[in-house]
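Structural description and commentary
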Protein chains: 2
Amino acid sequence: MTLTLVETAIAFGGEQRKYRHDSAVLQCEMTFSLYLPSNQAGKKIPLIWWLSGLTCTDDNFSQKSGFQRLADHYQVAVMIPDTSPRGKDVPDDEGWDLGQGAGFYVNATQAPWSTNYQMYDYLTEELPAIAAQLVPNFSGKESVMGHSMGGHGALVLGLRNPARFNAISAFAPILNPMQVPWGVKAFTTYLGADTNAWKSWDATELIKETTSLPILITQGSKDGFYEKQLKETTFLKNAEEARNNIQYQMKEGYDHSYFFISTFLEEHFAFHLSHL
Amino acid sequence: MTLTLVETAIAFGGEQRKYRHDSAVLQCEMTFSLYLPSNQAGKKIPLIWWLSGLTCTDDNFSQKSGFQRLADHYQVAVMIPDTSPRGKDVPDDEGWDLGQGAGFYVNATQAPWSTNYQMYDYLTEELPAIAAQLVPNFSGKESVMGHSMGGHGALVLGLRNPARFNAISAFAPILNPMQVPWGVKAFTTYLGADTNAWKSWDATELIKETTSLPILITQGSKDGFYEKQLKETTFLKNAEEARNNIQYQMKEGYDHSYFFISTFLEEHFAFHLSHL
């Protein structure tokens, strides 16, 4: 495995790194960002995964959220993957909500996407092995959080792997992709027209069958995408029927931006660390 | 005066706004960003000015520093101007360290720059009048901080106007522009070849003649620009001879990025608020 450290900077005492590698699963060159806390006490370090939203790379969260202050305070490593396979040989689309920057964290089954768009396998097989090598004193404990499309990704990743993840949280997630325009467009393209194949990638379906896992969701009331893409009604109904305990918070006046994420990130870190 | 609110978002309880206006001083359309804390107690609110570095706009600090958490905690407004006049009719240069994005906060005297590049007058005459209108319950107390070229700007603005500003701070500032490549290039272009005309825009000269004003400077030891552009030796010598009290901090391992700024911003806000 060729892994190149392309950038590193000290931030809040820890180290914000950026790596490049050739992904065997995605069959293209990828970057990811990784924060390592200072760990002066030499303790065992847990790992939080952050999954970003549409159009993002691994830079948005590392540069705009201010998470490093919290990660060093709590002494937790944070792994930030990119949001899709990348490169001029990787299929793309003119829309900003499909193709590169919009992988939706699924394994595509449809041509021409299926060759590269295997983000779920990348996140469950290839990257965890790399993370385990790169985090010194890794405790083996993991949790996952994300925003918007990455909130959907965090829920799907967590709900499909409850033995791996200790907690899930999401900011303004796509909760029911099968029923909203972003999800229908992506799932039709990546997974095909048979909606039965979509169910294993939809948190509102997965929550019916999952044993209890701590979940925190925060949504802004002035989020322009809320009504059309992010409604929580069916997800919460299904969660309640399956007796899953969800903390769903509506924050008055907040939008869909990193200003919203950065404001409530401290609550999310506290939630995750209480389970790590 | 036409002043248009082009963006607004809640961040940490306060409001992050972005305005557009026609600048009479710069003779072009400009944007600036302004943070207003929540001020639920209805108190008098002081104002901190932030001046950004080369290539930046008013977006860099508002999106990458995480300052809103501190500004709402301390209940202080923050004004973030752009770094130069802007627009297709405004003179520019191919270099990233000259022209648009690199105004150096001076009043240019040389053609073709002098028509638009009057950033000092913009910051001392036009924008303060606008800020006074936009900050509710403004206490009238102000201080100034900045980064790199904006650290130079903060020092020049503060040292030339000690009655207006209660404190100055800077991250990795250009302290002696007359003696370093960035400064020589900009001053030759904007102010002409006569170096006597440069002295009133150089903090290392201004510090000789200024009555004591609280100044905090933070520099990263791994800053790639430090040796060539940011050395503090003469500035500190002149400050000591003039009995000015400077807090100059060297932070081990930090570079020139926003990771560095965001790490030490809390110290800078605490310093400013102790004088506001």
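Looking at an unreviewed UniProt entry, one finds chain A named S-formylglutathione hydrolase and attributed to Enterococcus aquimarinus. Among the UniProt annotations of chain A, the heading Function (unreviewed entry) holds the following wording: "Serine hydrolase involved in the detoxification of formaldehyde." Heading Sequence similarities (unreviewed entry) of the UniProt record for chain A holds this comment: "Belongs to the esterase D family."

**Things to note about the interface of chain A and chain B**
Taken together, the contact between chain A and chain B spans 20 residues of the former and 19 residues of the latter. For the pairing of chain A and chain B, the buried interface totals around 1600 Å² over both sides, and the portion due to carbon and sulfur atoms is 61%. Contact with chain B buries area across many residues of chain A, yet Ile-10, Phe-12 and Phe-259 of chain A alone supply 37% of it, more than any other trio. On inspection of chain A and its partner chain B, the count reaches zero salt bridges. Taken together, the links from chain A to chain B amount to four residue pairs in polar contact (both at pLDDT 80 or more). When residues of the side of chain A that touches chain B are traced back to their parent elements, those giving at least two are β1 (3-11), α1 (59-64), α2 (67-74) and α9 (258-273) of chain A. When grouped by side-chain class, the residues that make up the side of chain A that touches chain B number seven nonpolar, 10 polar and three charged.

**Some points on the UniProt feature "active site" (unreviewed entry) in chain A**
Residues and elements named next belong to chain A. The sites that carry the UniProt feature "active site" (unreviewed entry) are, in the present numbering, Ser-148, Asp-223 and His-256. Spatial clustering of the annotated residues is evident: they stretch over 109 residues in sequence, but the largest pairwise C-alpha distance comes to 10.8 Å. As for the annotated residues named above, the ones lining the second largest pocket are Ser-148 and His-256. Looking at the element boundaries, Ser-148 is found in the loop between β6 (138-147) and α4 (149-160). In contact with Ser-148, not counting residues within four places along its chain, are Gly-53, Phe-171, Ala-172, Pro-173, Ile-174, Trp-182 and His-256. With respect to the element layout, Asp-223 can be found in the loop between β8 (215-220) and α7 (226-229). Exposure remark for Asp-223: the relative accessible area of 5% places this residue in the buried category. Sequence-distant contacts of Asp-223, that is, excluding residues within four places in its chain, are made with Ala-172, Leu-230, Tyr-254, Asp-255 and His-256.

**Topic: the relation of the copies chain A and chain B**
Overlaying chain A on chain B yields an RMSD of 0.0 Å, the required transformation being a rotation through 180° with an accompanying axial translation of 0.0 Å. When the rotation and shift are considered jointly, the pair of chain copies conforms to a two-fold rotation axis. Minimal C-alpha distance to the rotation axis in chain A is attained by Lys-64 of chain A, lying at 2.4 Å. Taken together, the interface assignments show that 95% of the residues at the interface of chain A recur at the interface of chain B, consistent with an identical surface on both copies.

**Things to note about helix α4 (residues 149-160) of chain B**
All names here are of chain B. In this model, α4 (12 residues) spans 16 Å end to end at C-alpha, consistent with the 16 Å of a helix rising 1.5 Å per residue. Counting buried positions over the 12 residues of α4 gives 11, a clear majority of the element. Among all positions in α4, only Met-149, Gly-150, Gly-151, His-152, Gly-153, Ala-154, Leu-155, Val-156, Leu-157, Gly-158 and Leu-159 are buried.

**Looking at the layout of surface pockets**
Of the voids in this model, the largest pocket is the one considered here, and its volume is about 870 Å³. Looking at the largest pocket, it is lined by 47 residues, and the ones nearest its centre are Lys-64, His-256, Ser-257, Tyr-258 and Phe-259 of chain B. Top contributing element to the lining of the largest pocket by residue count: helix α9 (residues 258-273) of chain B, with five residues. A per-class count over the lining of the largest pocket returns 15 nonpolar, 20 polar and 12 charged. Volume-wise, the second largest pocket comes out at about 560 Å³. As for the second largest pocket, its lining consists of 31 residues, of which Lys-64, His-147, His-256, Ser-257 and Tyr-258 of chain A are closest to the centre. Sorting the residues of the lining of the second largest pocket by element identifies α1 and α9 of chain A together with β1 (3-11), β2 (14-23) and α1 (59-64) of chain B as the ones contributing at least two each.

**Description of the pattern of salt bridges**
Residue and element names in this part refer to chain A. Enumeration according to the criterion identifies 26 salt bridges over all chains in this entry. Put simply, Glu-267 and Lys-251 hold a salt bridge, and the shortest N to O gap is 3.5 Å. Of this pair, Glu-267 sits in helix α9 while Lys-251 is found in strand β9 (residues 246-251), placing the two residues 16 residues apart along the sequence. You can call Lys-251 buried: its relative accessible area is 17%. Each of Lys-18, Asp-58 and Asp-59 takes part in one network of salt bridges that share partners.

**A word on the pairing of strand β5 (residues 77-81) of chain A**
Residue and element names in this part refer to chain A. Burial analysis of β5 places five of its five residues in the buried class, which makes it a mostly covered element. On β5, burial covers both faces: Ala-77, Met-79 and Pro-81 on one face and Val-78 and Ile-80 on the other are all buried. Here strand β3 (residues 28-36) pairs with β5 via four bridges, running antiparallel. Within β5, the position partnered with Ser-33 by the bridge is Ile-80. Sheet topology note: the strand β4 (residues 45-51)/β5 ladder contains three bridges and is parallel. Note that in β5 the partner of Trp-49 across the bridge is Met-79.

**So, the side chain of Ser-262 of chain A**
Examined against the element boundaries, Ser-262 of chain A turns out to sit in helix α9. Take Ser-262 of chain A: its relative accessible area is 11%, and that puts it in the buried class. In contact with Ser-262 of chain A, other than residues within four places in its own chain, are Lys-64 and Ser-65 of chain A together with Phe-12 of chain B.

**A look at unusual backbone geometry**
Peptide bonds are, in most cases, trans, and in most cases residues other than glycine have a negative phi. All names here are of chain A. For the peptide bond that leads from Ala-111 to Pro-112, omega is 0°, which places it in the cis range. Relative to the helices and strands, Pro-112 resides in the loop between β5 and α3 (119-134). Its identity is not glycine, yet Phe-12 carries a phi of approximately 55°, on the positive side. Among the secondary structure elements, Phe-12 is positioned in the loop between β1 and β2 (14-23). One non-glycine residue, Arg-243, lies in positive phi territory at about 60°. Tracing the backbone through its elements, the reader meets Arg-243 in the loop between α8 (233-241) and β9. According to the relative accessible area criterion, Arg-243 is exposed, its value standing at 75%.

**A word on the sheet that holds β1 of chain B**
Residue and element names in this part refer to chain B. Within the open sheet, the nine strands sit side by side as β1-β2-β3-β5-β4-β6-β7-β8-β9. Their pairing is mixed. In this open sheet, the two edge strands, each paired with only one partner strand, are β1 and β9 (246-251). Within the sheet, the average angular offset between the axes of one strand and its neighbour, ignoring direction, is 20°. With six bridges joining them, strand β8 (residues 215-220) and β9 adopt parallel strand pairing. If you follow Gln-219 over to β9, its bridge partner there is Met-250.

Criteria and cut-off values
- By convention here, each chain's residues receive numbers from 1 onward along its written sequence.
- Lettering for chains starts from A, numbering for ligands starts from 1, and both go in the order in which the items are written.
- Selection of residues for local features in this predicted model requires a pLDDT of at least 70, selection of side-chain atom pairs for listing and counting requires 80 or more, and totals for whole chains, interfaces and linings are taken over all residues.
- Each side-chain value is worked out from all heavy atoms of the structure, with water and hydrogens disregarded.
- UniProt positions are given in the numbering used here, feature names are shortened, and annotations may be inferred rather than shown by experiment.
- Only heavy atoms enter the contact rule, under which two residues are in contact if any of them lie within 4.5 Å.
- Reported buried area values correspond to the accessible surface (1.4 Å probe) lost by two parts on association, with both partners' losses combined.
- Here, a salt bridge means any Lys or Arg side-chain nitrogen found within 4 Å of an Asp or Glu carboxyl oxygen.
- We define a polar contact as two N or O atoms separated by no more than 3.5 Å, with the added condition that, inside protein, one atom must be a possible hydrogen donor and the other a possible acceptor, whereas residues neighbouring each other in sequence contribute only through side-chain atom pairs.
- Strands are runs of DSSP state E lasting at least 2 residues, helices are runs of H or I lasting at least 4, and numbering of each runs from the N terminus.
- Under the grouping applied here, Gly and all other residues not named as nonpolar or charged are polar, the nonpolar ones being Ala, Val, Leu, Ile, Met, Phe, Trp, Tyr, Cys and Pro and the charged ones Asp, Glu, Lys and Arg.
- A cavity here means a set of 1 Å grid points, computed over protein atoms only, where a 1.4 Å probe fits but cannot escape. A pocket is an open set with protein on both sides within 12 Å along at least 5 of 7 lines, and lining residues have an atom within 4 Å of a point.
- The buried label applies to any residue whose accessible area, calculated with a 1.4 Å probe on protein chains only, is under 20% of its type's maximum; exposed applies above 50%, and partly exposed to all values in between.
- When the copies are overlaid, the least-squares fit takes in C-alpha atoms only where the residue has pLDDT of at least 70 in both copies.
- In this analysis, the expected span of each helix is defined as 1.5 Å times one less than the number of residues it contains.
- Grid points are joined across faces, edges and corners, and a volume is the space filled by probe spheres set on the points.
- Paired strands, as defined in this entry, are two strands with at least two bridges between them according to DSSP.
- An axis is simply a line fitted to the C-alpha atoms; with a helix, the fit covers only the stretch in contact. Between two such axes, the angle follows the N-to-C directions and lies from 0 to 180 degrees.

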